[in-house]
Amino acid sequence: MYCQVVFPLPFRNEFTYSVPDDLRSAVQTGVRVVVPFGKRVLTGFVLSTSQTTELKENIKPVRDVLDDMPIFDKKSLKFYEWISEYYISSLGEALRNSVPYGTEIESKRKIVCDKEYCLKLLNQERQKKSLRAKLLTAFSQKEVYTISQIQNEIKNKNIYSPLRSFEKIGAISILDEISAAKVRVKKIKHVEPAKPADEIYELMPELEKKSPKQVVVLMELLANKDSVPLSELIKKTRAAASTVESLYKKSLVRIFDKEVERNYSETYSEELKKFELTFQQKNIVERIEHTISKKTFETFLLHGVTGSGKTQIYIELAKQVIDAGKSVIILVPEISLTPQITSRFLNYFKDLTAVLHSRMSLGERYDSWRGIVNGKSKVVIGPRSALFAPLKNIGMIVVDEEHDSSYKQQEITPKYNARDAAVILGKLNECPVILGSATPSVESMYNALNGKYNLLELKERVDNAKLPAIKLVDVTIEKKKKKMESIFSRELLHEIRLRLSKKENVIVLQNRRGFATQVFCNDCGEVILCDDCSVSMVHHLYKNILQCHYCGTVKPVPKACPTCGSLGLKFFGTGTQRVEDELDFYFPNIKIERVDSDTINRKGRLGEILNSFRKGEIDILVGTQIVSKGLDFGNVTLVGVVAAETSLWIPDFRADERTFQLLTQVSGRSGRSGKEGEVIIQTQNQKHFVLQKVLMNDYKGFYENEIALREQYEYPPFVRLGLIELKDENEERVRAASKEFYDYLIKYAKGLKIAPPTEAVIYKIKGSYRFQIMIKSLRKIDPSGKQLRSAVLNSYIEFNQKSRFKDVKLIIDIDPQSVV
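The text that follows walks through the structure, step by step, so that each part is easy to find.

Rules and cut-offs
Residues numbered from 1 in each chain as written. Predicted model: local features only at pLDDT ≥ 70, side-chain atom pairs only at ≥ 80, totals over all residues. Heavy atoms only, no water. Helix = DSSP H or I, 4+ residues; strand = E, 2+ residues; numbered from the N terminus. Axes fitted to C-alpha atoms, helices over the stretch in contact; angles between N-to-C directions. Left-handed = near helix turned anticlockwise from the far one by under 90°. Contact = heavy atoms within 4.5 Å. Nonpolar A, V, L, I, M, F, W, Y, C, P; charged D, E, K, R; others polar. Pairing = 2+ DSSP bridges. Core = buried A, V, L, I, M, F, W, Y, C linked by side-chain atoms within 4.5 Å. Buried < 20%, exposed > 50% of the residue type's maximum accessible area, 1.4 Å probe, protein only. Parallel < 35°, antiparallel > 145°, perpendicular 65-115°, else oblique. Polar contact = N/O pair within 3.5 Å; in protein donor to acceptor, adjacent residues only side chain to side chain. Phe/Tyr/Trp six-rings, centres within 6.5 Å; stacked < 30°, edge-to-face > 60°. Lys NZ or Arg CZ within 6 Å of the ring centre and 35° of its normal. Salt bridge = Lys/Arg side-chain N within 4 Å of Asp/Glu carboxyl O. Expected span 1.5 Å × (residues − 1).

**Considerations on unusual backbone geometry**
Cis peptide bonds are those with omega within 30 degrees of zero, and the linkage from T413 to P414 qualifies with 0 degrees. Within the secondary structure, P414 is located in the loop between strand 16 (394–400) and helix 15 (418–429). For the peptide bond that leads from P716 to P717, omega is 15 degrees, which places it in the cis range. Structurally, P717 is set in the loop between helix 23 (699–713) and strand 32 (719–728).

**Quick look at the packing of helix 11 (residues 279–294) against helix 12 (residues 310–323)**
Between helix 11 and helix 12, whose axes approach to 10 Å, the crossing angle comes to 35 degrees. As helix 11 packs across helix 12, the resulting crossing turns out to be right-handed. Contacts from Q281, I284, V285, I288, E289 and I292 of helix 11 reach helix 12 at Q312, I313, E316, L317, Q320 and V321. For the contact of helix 11 with helix 12, the residue count by class is 7 nonpolar, 3 polar and 2 charged.

**Regarding the sheet that holds strand 15 (residues 379–382)**
The strand order across the open sheet built from 7 strands is 14-15-13-16-17-12-18, with neighbouring strands paired in parallel fashion. Each edge of the sheet is formed by a strand with only one pairing partner; in this case those strands are strand 14 (353–355) and strand 18 (454–458). Shown here is a sheet whose adjacent strand axes are inclined to one another by a mean of 20 degrees, direction ignored. Packing against the sheet, helix 11 makes contact with strand 12 (299–304), strand 16, strand 17 (433–437) and strand 18, and its axis sits at approximately 155 degrees to strand 18.

**Overview of the nonpolar core**
Residues L95, L387, I397, L621, I724 and L726 are the most contacted members of the largest nonpolar core, which totals 109 residues. Apart from the residues within four sequence positions on either side, L726 is in contact with V734, A737, S738, F741, Y769, R770, F771, I773, F799, V808, K809 and L810. Of all hydrophobic cores here, the second largest spans 27 residues; its members include V285, F300, V332 and V398.

**Quick word on the packing of helix 21 (residues 655–667) against helix 23**
Two packed helices can be described by the angle between their axes and the distance between those axes. Here helix 21 crosses helix 23 at 170 degrees, and the two axes come no closer than 11 Å. In terms of their interaxial angle, helix 21 and helix 23 are classed as roughly antiparallel. Taken together, the residues of helix 23 that come into contact with helix 21 (itself represented by D656, E657 and F660) are Y699, F702, E706 and R710. Looking at the contact of helix 21 with helix 23 residue by residue, the classes come out as 3 nonpolar, no polar and 4 charged.

**Observations concerning the environment of R32**
Within the fold, R32 resides in strand 3 (residues 32–37). Taking relative accessible area as the criterion, R32 reaches 3% and is therefore assigned buried. Taking the C-alpha atoms as reference points, R32 and N685, 653 residues apart in sequence, are found 56 Å from one another. Other than its neighbours up to four places away in sequence, R32 contacts T43, G44, F45, D64, V65, L66, D67, I71, V99, T103, E104 and W369. Of note is the side chain of R32, whose polar atom sits 2.8 Å from the side chain of D67. Of the polar contacts made by the side chain of R32, one reaches the side chain of T103; its length is 2.8 Å.

**Quick look at the packing of aromatic side chains**
The geometry of an aromatic ring pair comes down to the distance between the two centres and the angle between the two planes. Counted by the stated rule, this structure contains 34 aromatic pairs. With a centroid separation of 5.1 Å and 75 degrees between ring planes, the pair formed by F585 and Y586 is classed as edge-to-face. By the ring-pair criterion, three or more aromatic residues cluster together here, those being F45, F72, F79, Y80, F388 and Y416. One Lys or Arg, K142, reaches over the ring of Y145 and ends 4.8 Å from the middle of that ring. Taking NZ or CZ as reference, K776 lies 4.0 Å from the ring centre of Y715, over its face.

**A short note on the pattern of salt bridges**
Taken as a whole, this structure holds 50 salt bridges when the rule is applied. E593 is the salt-bridge partner of R605, the closest N and O atoms lying 3.3 Å from each other. Of the two residues, R605 is situated in helix 20 (residues 605–615) and E593 in strand 28 (residues 592–595); the sequence distance between them amounts to 12 residues. A residue is classified by how much of its surface remains accessible, and E593, at 14% relative accessible area, is buried.

**Here's the deal with helix 14 (residues 362–373)**
Helix length check: helix 14 (12 residues) gives 16 Å between terminal C-alpha atoms against 16 Å at 1.5 Å per residue, within 8%. Its buried side turned inward, helix 14 meets strand 3, strand 11 (253–260), strand 14 and strand 15. Directly after helix 14, the chain includes G375, whose backbone phi takes a positive value near 85 degrees.

The values reported here are purely geometric and, on their own, carry no functional implication.
And the structure:
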């Protein structure tokens, strides 16, 4: 028996392995296997099995099988094949998304150094700046390295030739070590009686004379119907472990390992409320129910104003799907939305609900994933990665806040968009897909208006709540009138004071972390930049540090200008820390809490803050865009926006859309009950068309203006975009590599518009210089984007085969969300 295996690595080949007799029953399509690969050991995915093979060379055997049940079947394999084909990755890289992090087994190459010998060789080396000298310097200072550690330390990946020469002369030894999975099934020792109760009671008088503690342990075990954890038994009876061991030797108790499920518990909780659907909600539920009962694929764009009850529609439809014996995927943009929506789904579906997200521990995520594989969970909630949950029999997929950019994978290959991939998954499973938003993306609305999606609208809030009144305050005019108090207009401060006097809650948005976003010298004009990125360092007041928000580098705050020595350093710009600090000055007796990635990094912290806010223990919530999404608190009657322009000035074709969505979404947090809400947006340009459309709550007007601009300047949805990014620590190398890749691309330019390589807007990140090549493909000529993808893939293959710059990092992004 043979199996065909792919690996989560950037090559497209399948590899054939023989299956030993003892593993034949375990190896099947969809399981993971541990196999030798070259000199390494890797975890791969089985695509198929066969009884014969045409290969003549020596075929290596499978070493182990990691899964009892398949992670994917032939239907879901088609989905992963689409992901890899559309976003240009290997099938193995796409399949990597199907399993939780930390479950793979692989070998790591370790370098063990003879420090004294390496120091001796270094002293003999003539060229002290050579690659050999850099390696010897490192090896003379530290005894053990992994391959990646030494590559990072000397900033060079081409180290294998000198490593082999050092190994030959005995300066280093290179070992292959197999690292176990980072996470596995958790088991703890349990104890239970080994004999019937009657027999044990007969033996007790004799035991009591010699060891009364053993009798106490047995009585405790007999009092419990189930087995008892060993640690709990010892603690409760105050017995020693040796007491239980003695009972085991007398065959009076059994000690065994029992699996323990690590359940994720959300710190935020809400009481189950009974909702009566509105007439509009009922119509929408009935329309989608029709598709569920027919078991057909349709995509619905649910455009509902903020507070219109979209979540309740998802819950009602999920009930229908589960009653029909099927399962549901609910995607939310990021962790900020999960506390409230998770609590509501748990209230309705109890243990049938599985949560998957990055704030869970590795063990919790693994056990949640195993519950899905085993068919225990029927509703999966989570961010973009939840789309790959191994659910069987999917009956509905919901993408809530479908416009959100966090649905786009930015970190690793493939750079998929979960919203677009959800539509394909729905098509393969013949089930409805619901894209919900108060501010739909331009692409989704275009698809709905052109008949590709079905447009469903909720134009009114539930419970007779009214949309908030929005007011723009021009801070440039207020400054001239001397009506500004530091970063706040007097009008905003007055309204905050008024709401607090009525015991109502306030949310304040500033979409920047830290205290001051720039530190510059008043004398020479120098701005303090990150050493590894071409961005300014941000001042964080509470730790009194400067931090780069791109690479995380931290510096102490300088006492004088590093360039000219002047003491005239100025702190410019406003982050959430400064907003919190100033509000604390104006309202000293008020409880203020900040919500940004600095404050909610501890597990469960966000849920605790939201619980306190719901109970009225917090008066003002200050935060970044996290506070703009999905929060539903009836007592919030004022939302203040400190600076509307933070995202408007970004040189990106989606900047206007992002700003309109952010401001409309955060405005929607106000007045979500019978109490009237208000929004005050501070701006330096109140006549800007985006802000005017926010003021009038005019999505239709914004969309018509934006779609005309997109068509005029050839941006999505009228074209498909491909963005090629090349980056390297050597500026000249990356410049030459991008020029060479561009030359390959031009050969396939027919029907495409290919821009020459340009420096990225943020030219340097984490020490690497970045160049970008933008490719446009008109949908009229290339509707599926096949021409664009073919050009990129052929150029990529040619570049890898011929270029002398293969080590330059090359990233392919199809349908990029940002060009910064």
